[in-house]
Amino acid sequence: MNWRLGLTAVTIVSITLCAGFFQPVQADIPQFHTSLEYQFFGNLPDSLPTGYNGLFAGSGECVQCHGFDTAMIASVDPFGNDINVVDDWRATLMANSAKDPFWRAKVSHEVLFAPALQSEIETKCTSCHAPMGHFAALHNGADSYSMAELYADSLALDGVSCLSCHQQAPEGLGTQFSGDLNFETDRIAYGPFQSPLGSPMLNATQYAPQYGPHVSTSELCAGCHTLVTETLDLQGEPTGDTFVEQATYHEWVNSIYAAQDISCQSCHMPSLSKGQFSLIAGFPGIPYRDRFALHELVGANVNMLKLMRDNAQELQISATPADFEAVIQATTNMLQQQTLELDLVPLTRDQDTAYISLNLRNKAGHKFPSGYPARRAFVQFTVQTDSGDTLFHSGSWDDNYEVIGHDLSYEQHYDIIRAEDEVQIYEQVLSDVSGMPTTLLTAAAYSLKDNRLPPQGFSRQNTVYDTTLIVGRAEQDPNFNQEAEGGGSGRDQVRYHVPTPNYAGQLLLTASVYYQSMPPKWMAPMLSAQSPEIETFRTMFEAADRTPMQITSATAEVAGIVNTRSPRLLTAQIRYLADQSLEIRSETGGQVRIYNYLGQLLQQWSIGPGTQQLQVQQRGIPVVVQLFHDGAAFSQPIWLH
């Protein structure tokens, strides 16, 4: 059976030795270390696995040259900072993919649902989380690879290790998915540099370095970051249908980043600036490298990194607390600086309602959130009086970190939010064959909702849209990823109509976006089941810091209504007509101004009393039309179809 069942795939971001191109060096480059020092490095005691399994070598074979240089000569940036690839990598989720306690618990949860398919499920799931054990076993003649075998296999426990990426062959990249990876069977380690000096690595590890530009491309990530699973019915039997469980690579394909040649590695493995050189190993003849790629390999899962840090000994993780802190900080920086942009714009206000626009822009090269479908982001929006009293609060959470107001089934996507129990949650919701929400990936038949923010350039006309669908109310929301020639905006506009009865003073607005990688609603079904892996994870999870991660926030103020009962309060009727004009009826006339949702003035006119018809230049956007006369104003939001 050609089985494609599986769980979350680890982001196979290229773990490159460095990035850039060969730079010539002088022939008389000094020998930085003595022969005794080289011997010491070759026998450096370390907790990383060493040895070979017929197809791969453990990361312990790489640490002798690519780990920390005690002389601070190799793997040091131009400012004297240690940037060795091993220590940068060892605390990442990539390095610990096979030790991830949530992943282990979820595999067991899926097996509990379909025990007859245990071998198929575990074989598929280990293909991306434990590739060096999984593919070596298949290379050596096995037809399956179990979790029990993983637990006893030191190279499988090495996770997405050095050669999980550097030994991938260029053939088939970008066209093979769901953990169907293609590895070189000869001992070749691909890197991004032309004309690598081969003898030191060959002598030390029996691996020959070879130039392979494919290790710097997003296609290297595709094999595990587009995951298709076969759907099971409620009895655990295959239906013959499939489900796209995650498609981060295809989301990138359906973006401006692919067209601009901005790869996964551009963000997840940032390079030193052009012209900054680094020596990656302290051997004679090794050239300095330009634009060295840091092996930070950060994603978004701060909470899991903290959980692993706090349980490193039990999980047999070799990374130190300092290693984890560096990765946690880099991950936090990515979430807060490279993920999302907010703009909070007051539109207008009348005696009992304030109208506000919150504009979100996705800055990532894929959907946000992306990857494993448990992940979600939500908006917390508050309105306070000038004395600090709260008039409106949407998007808070309870003691279990569940969003207050979340519907029992799932929260729909909103274009306009009018009540506190309406919350904008960006997420994917899976459905089983009966149409009920499920967190079982093997039971997933289709999506009930997918309003995760698309990347800029994301288009329904793209050839991979069938694997990256917008699903549910967001598909019909004219303010969600507004498309134009060349693709979508990667934006969402959420409009808040906030009741303000009996209050005419100043309003203080705050909007914040929070991220959860392990939300309670997703975790509950698994934690209600029983297995050794679930019990291990439950203890760690309940003791962990599960506070939602704040991504970004924005604030604004709305002026109070002065003299609301003044006879000078304007009234008017404004309509948008089919001929792309505005019809305005007013007893006073005055100045008419049109603003977009960013508060920018688009057009303005002077009109007299009575009925006036004004031709507008814009189409397909929300605007606010305001009439001003003698110090008073009238405002009305209008959608220019």
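Each value, and the rule that gives it
- Residues numbered from 1 in each chain as written.
- Predicted model: local features only at pLDDT ≥ 70, side-chain atom pairs only at ≥ 80, totals over all residues.
- Heavy atoms only, no water.
- 1 Å grid on protein atoms, 1.4 Å probe; cavity = no way out; pocket = protein on both sides within 12 Å on 5 of 7 lines; lining within 4 Å.
- Points joined across faces, edges and corners; volume = space filled by probe spheres on them.
- Nonpolar A, V, L, I, M, F, W, Y, C, P; charged D, E, K, R; others polar.
- Phe/Tyr/Trp six-rings, centres within 6.5 Å; stacked < 30°, edge-to-face > 60°.
- Helix = DSSP H or I, 4+ residues; strand = E, 2+ residues; numbered from the N terminus.
- Buried < 20%, exposed > 50% of the residue type's maximum accessible area, 1.4 Å probe, protein only.
- Lys NZ or Arg CZ within 6 Å of the ring centre and 35° of its normal.
- Axes fitted to C-alpha atoms, helices over the stretch in contact; angles between N-to-C directions.
- Parallel < 35°, antiparallel > 145°, perpendicular 65-115°, else oblique.
- Left-handed = near helix turned anticlockwise from the far one by under 90°.
- Contact = heavy atoms within 4.5 Å.
- Core = buried A, V, L, I, M, F, W, Y, C linked by side-chain atoms within 4.5 Å.
- Pairing = 2+ DSSP bridges.
- Polar contact = N/O pair within 3.5 Å; in protein donor to acceptor, adjacent residues only side chain to side chain.
- Salt bridge = Lys/Arg side-chain N within 4 Å of Asp/Glu carboxyl O.
- Disulfide = S-S within 2.5 Å.

*Asks:* Is there a simple way to explain empty space enclosed by the protein in this structure?
*Replies:* Leftover empty space is mapped by rolling, across the atoms, a probe with the size of a water molecule. Counted by the stated rule, this structure contains five cavities of 30 Å³ or more. In this structure, the second largest cavity is lined by Asn-303, Tyr-401, Tyr-515, Gln-516, Ser-517, Met-518, Pro-519, Pro-520, Phe-541, Arg-546, Thr-547 and Pro-548. A breakdown of the residues in the lining of the second largest cavity according to their chemical character gives seven nonpolar, four polar and one charged.

*Asks:* Help me understand the packing of aromatic side chains in this model?
*Replies:* Geometry of an aromatic ring pair is reported as the spacing of the ring centres plus the angle between the planes. For the structure on display, the rule yields 15 aromatic pairs. Taken together, a centroid distance of 4.9 Å and an interplanar angle of 90° make the contact between Phe-56 and Phe-183 edge-to-face. On the criterion of sequence distance, the pair formed by Phe-56 in the loop between helix H1 (35–42) and helix H2 (63–66) and Phe-183 in the loop between helix H8 (162–166) and strand E1 (188–191) is long-range, its members being 127 residues apart. Accessibility classification places Phe-56 together with Phe-183 in one group, the buried group. On the basis of an interplanar angle of 75° and a centroid distance of 5.6 Å, the ring pair of Tyr-372 and Trp-522 is categorised as edge-to-face. Separated by 150 residues along the polypeptide, Tyr-372 in the loop between strand E8 (353–362) and strand E9 (376–385) and Trp-522 in helix H16 (residues 520–527) bring together distant segments of the chain. When sorted by exposure, Tyr-372 lands in the same class as Trp-522, which is buried. Chaining the aromatic ring pairs together yields one cluster made of Phe-102, Tyr-372, Trp-522, Phe-537 and Phe-541. Lying across the ring of Phe-193, Arg-289 places its NZ or CZ 4.3 Å from the centre. Its end group placed over the ring of Phe-628, Arg-593 keeps NZ or CZ at 4.5 Å from the ring centre.

*Asks:* What exactly am I supposed to notice about the packing of helix H4 (residues 101–113) against H16 here?
*Replies:* When two helices pack together, their arrangement is captured by the angle between the axes and the distance separating the axes. Relative orientation of the contacting elements H4 and H16 amounts to 55°, with a least axis distance of 10 Å. Put simply, H4 runs oblique to H16. When the axes of H4 and H16 are compared, the crossing they make is left-handed. Contacts between H4 and H16 involve Phe-102, Ala-105, Lys-106 and His-109 from the first element and Trp-522, Met-523, Pro-525 and Met-526 from the second. Tallied by class, the residues present in the contact of H4 with H16 amount to six nonpolar, one polar and one charged.

*Asks:* What is the right way to look at the nonpolar core in this model?
*Replies:* Taken as a class, soluble globular proteins show a tendency for nonpolar side chains to be buried jointly. Among the nonpolar cores identified, the biggest contains 72 residues, and Leu-360, Phe-381, Tyr-496 and Phe-537 are the most heavily contacted of them. The biggest single contributor to this core is helix H15 (residues 321–337), with six residues. Once you skip the residues sitting within four places of it in the chain, Leu-360 turns out to touch Leu-340, Glu-341, Leu-342, Val-379, Tyr-426, Leu-453, Gly-490, Arg-491, Asp-492, Val-494 and Val-513. Ile-83, Met-94, Val-215 and Ile-286 belong to the second largest nonpolar core, which has 24 residues in total.

*Asks:* I'm lost on the pairing of strand E4 (residues 238–247) in this one. Help?
*Replies:* Strand residues, when the strand is regular, have side chains that alternate between the two faces of the sheet. Pairing of strand E3 (residues 226–232) with E4, which is carried by six bridges, proceeds in the antiparallel orientation. Each residue of the ladder has a partner; that of Val-228, found in E4, is Val-244. Two successive antiparallel strands, E3 and E4, enclose a turn made up of five residues, where Gly-236 displays a positive phi of approximately 80°.

*Asks:* Please clarify how the sheet that holds strand E25 (residues 610–615) should be interpreted in this entry.
*Replies:* Backbone hydrogen bonds are what pair the strands of a sheet, in a parallel or an antiparallel way. Reading across the sheet, the three strands line up as E21-E22-E25 and stay open at both edges, with antiparallel pairing between neighbours. What marks the edges here is a single partner per strand, and that holds for strand E21 (572–576) and E25. Along the sheet, successive strands turn relative to each other by an average axial angle of 15°, direction set aside. Where E21 and strand E22 (residues 581–586) come together, five bridges link them in antiparallel fashion.

*Asks:* What should I look at first to understand the side chain of Gln-424 in this one?
*Replies:* On the secondary structure map, Gln-424 appears in the loop between strand E11 (416–417) and strand E12 (425–426). Looking at Gln-424, its side chain comes within polar contact range of the side chain of His-413, at 3.5 Å. A distance of 3.2 Å separates the side chain of Gln-424 from the side chain of Asp-492, its partner in a polar contact. If we skip the residues at most four places from it in the chain, Gln-424 touches Ala-377, Phe-378, Val-379, Gln-412, His-413, Tyr-414, Ile-417, Asn-451, Asp-492 and Val-494.

*Asks:* Is there a simple way to explain the pattern of salt bridges in this structure?
*Replies:* Working definition: two side chains of opposite charge can pair if their charged atoms are close together. Inspection of every chain in the model, using the stated rule, returns 17 salt bridges. The shortest N-O distance in the salt bridge between Asp-180 and Lys-124 comes to 3.5 Å. Highlighted residues: Asp-180 in the loop between H8 and E1 and Lys-124 in helix H5 (residues 118–129), separated in sequence by 56 residues. In this structure, Arg-575 engages Glu-583 in a salt bridge whose closest nitrogen and oxygen atoms are separated by 3.0 Å. Residue classification places Arg-575 among the partly exposed positions, given a relative accessible area of 47%. By relative accessible area, which is 12% here, Glu-583 ends up buried. Three or more residues are tied together by salt bridges with common partners; here these are Glu-251, Lys-367, Asp-450 and Arg-452.

*Asks:* Sorry if this is basic, but what is going on with the side chain of Arg-361 here?
*Replies:* Structurally, Arg-361 can be placed in strand E8. Excluding anything up to four places from it in sequence, Arg-361 contacts Thr-339, Leu-340, Glu-341, Gln-456, Gly-490 and Arg-491.

*Asks:* Looking at this structure, I do not really get the state of the cysteines. What am I missing?
*Replies:* One covalent bond between the sulfur atoms of two cysteine residues makes up a disulfide. Inspection of every chain in the model, using the stated rule, returns one disulfide. Each sulfur in the disulfide pair Cys-128 and Cys-224 lies 1.8 Å from the other. Every disulfide takes its handedness from the sign of the S-S torsion; for Cys-128 and Cys-224 that torsion is -95°, giving left-handed. Here the residue Cys-128 occupies a position in helix H5, and Cys-224 occupies one in helix H10 (residues 219–225), the gap between them amounting to 96 residues. Per residue, the accessibility class of Cys-128 equals that of Cys-224, and both read buried. Lacking any disulfide linkage, Cys-264 is separated from the closest cysteine sulfur, that of Cys-221, by 3.8 Å. Residue Cys-264 is classed as buried on the basis of its relative accessible area of 17%. In this structure Cys-267 is a free cysteine whose sulfur lies 8.6 Å from that of Cys-264, the closest cysteine sulfur available. Classification of Cys-267 by relative accessible area gives partly exposed; the value is 30%.

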